Amino acid sequence: MDVVCLNDASFDIAATAGLYSALTGVLAGFAFTALILVPSLVLSTGRRLGEEVAGHIADAARVLVSAFLALVLASINYAVLGGEPTSGGRAAAGELLAGVGLAVAAILMIYAIVLTLETVAELADGTGPLMRAAESSA
């Protein structure tokens with residue numbers, strides 16, 4: 001009976017890391033776009049918002065900044081892994097570390113989306129607790 005031992009990894013980490021780098025770069029672009037759009041939401045209302053509404057918008061902006069930075073760092077990490085000559089243990093550990101950063105950034109992006117949509121819905125509806133707080137402070 002012959003035993004076959006594979007020394008080379010059949011999974012090419014460098015090629016996959018290049019694709020993940022492109023994906024995280026695109027997501028970082030979306031985060032940056034949203035980061036620009038959130039303050040424009042405040043400017044486009046044309047009225048003074050209550051402290052609670054402004055606080056929610058500021059929270060969304062902080063989360064978007066964190067997500068943007070995490071995505072940029074994950075993209076750089078994946079780009080470095082894309083240049084690895086071999087798919088060894090070091091590359092696998094680096095990909096795991098970059099994956100954790102990508103997962104955290106994705107969770108932050110989802111949370112920022114929820115915060116932004118909640119604030120926009122309450123501003124548009126006019127009946128939510130944030131809108132009542134804005135009207136009472138004006």
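Residues numbered from 1 in each chain as written. Predicted model: local features only at pLDDT ≥ 70, side-chain atom pairs only at ≥ 80, totals over all residues. Heavy atoms only, no water.

As a further point, take the UniProt feature "transmembrane region" (unreviewed entry) in the chain. When the UniProt feature table is mapped to this numbering, "transmembrane region" (unreviewed entry) covers residues 20-43, 63-81 and 96-117. Annotation note: span residues 63-81, helix share 100%, strand share 0%, distance between end C-alpha atoms 27 Å. This span, residues 96-117, is 100% helix and 0% strand, and a straight line between its end C-alpha atoms measures 32 Å. (UniProt positions renumbered as here; feature names shortened; annotations may be inferred. Helix = DSSP H or I, 4+ residues; strand = E, 2+ residues; numbered from the N terminus.)

The next thing to look at is the packing of aromatic side chains. A full pass over the atoms with the stated rule returns two aromatic pairs. For the ring pair F32 and F68, a centre distance of 5.6 Å and an interplane angle of 45° mean the geometry is tilted. Linking F32 in helix 1 (residues 13-45) with F68 in helix 2 (residues 51-82), this pair joins segments that are 36 residues apart in sequence. The exposure class of F32 is partly exposed, given its relative accessible area of 42%. (Phe/Tyr/Trp six-rings, centres within 6.5 Å; stacked < 30°, edge-to-face > 60°. Buried < 20%, exposed > 50% of the residue type's maximum accessible area, 1.4 Å probe, protein only.)

Right, let's get into the pattern of salt bridges. Summed over the entire model, instances satisfying the criterion amount to one salt bridge. Residue D59 pairs with R62 through a salt bridge whose shortest N-O separation is 2.7 Å. With D59 and R62 both in helix 2, this residue pair falls three residues apart, about one helical turn. (Salt bridge = Lys/Arg side-chain N within 4 Å of Asp/Glu carboxyl O.)

Below, the discussion takes up the layout of surface pockets. When its volume is computed, the largest pocket comes out at roughly 190 Å³. Considering the residues around the largest pocket, the lining is formed by eleven residues, among which A34, V38, L64, I113 and T116 are closest to the centre. Going through the elements one at a time, helix 1 and helix 3 (89-125) are the ones with two or more residues in the lining of the largest pocket. Per-class residue counts for the lining of the largest pocket are ten nonpolar, one polar and no charged. (1 Å grid on protein atoms, 1.4 Å probe; cavity = no way out; pocket = protein on both sides within 12 Å on 5 of 7 lines; lining within 4 Å. Points joined across faces, edges and corners; volume = space filled by probe spheres on them. Nonpolar A, V, L, I, M, F, W, Y, C, P; charged D, E, K, R; others polar.)

Counting 24 residues, the largest nonpolar core has V38, L64, L71, Y78, L81 and M109 as its most contacted members. Those elements giving two or more residues to this core turn out to be helix 1, helix 2 and helix 3. For this core, the element with the most residues is helix 2, which contributes ten residues. When residues no more than four places from it in sequence are discounted, the contact partners of V38 are I57, A61, L64 and T116. (Core = buried A, V, L, I, M, F, W, Y, C linked by side-chain atoms within 4.5 Å. Contact = heavy atoms within 4.5 Å.)

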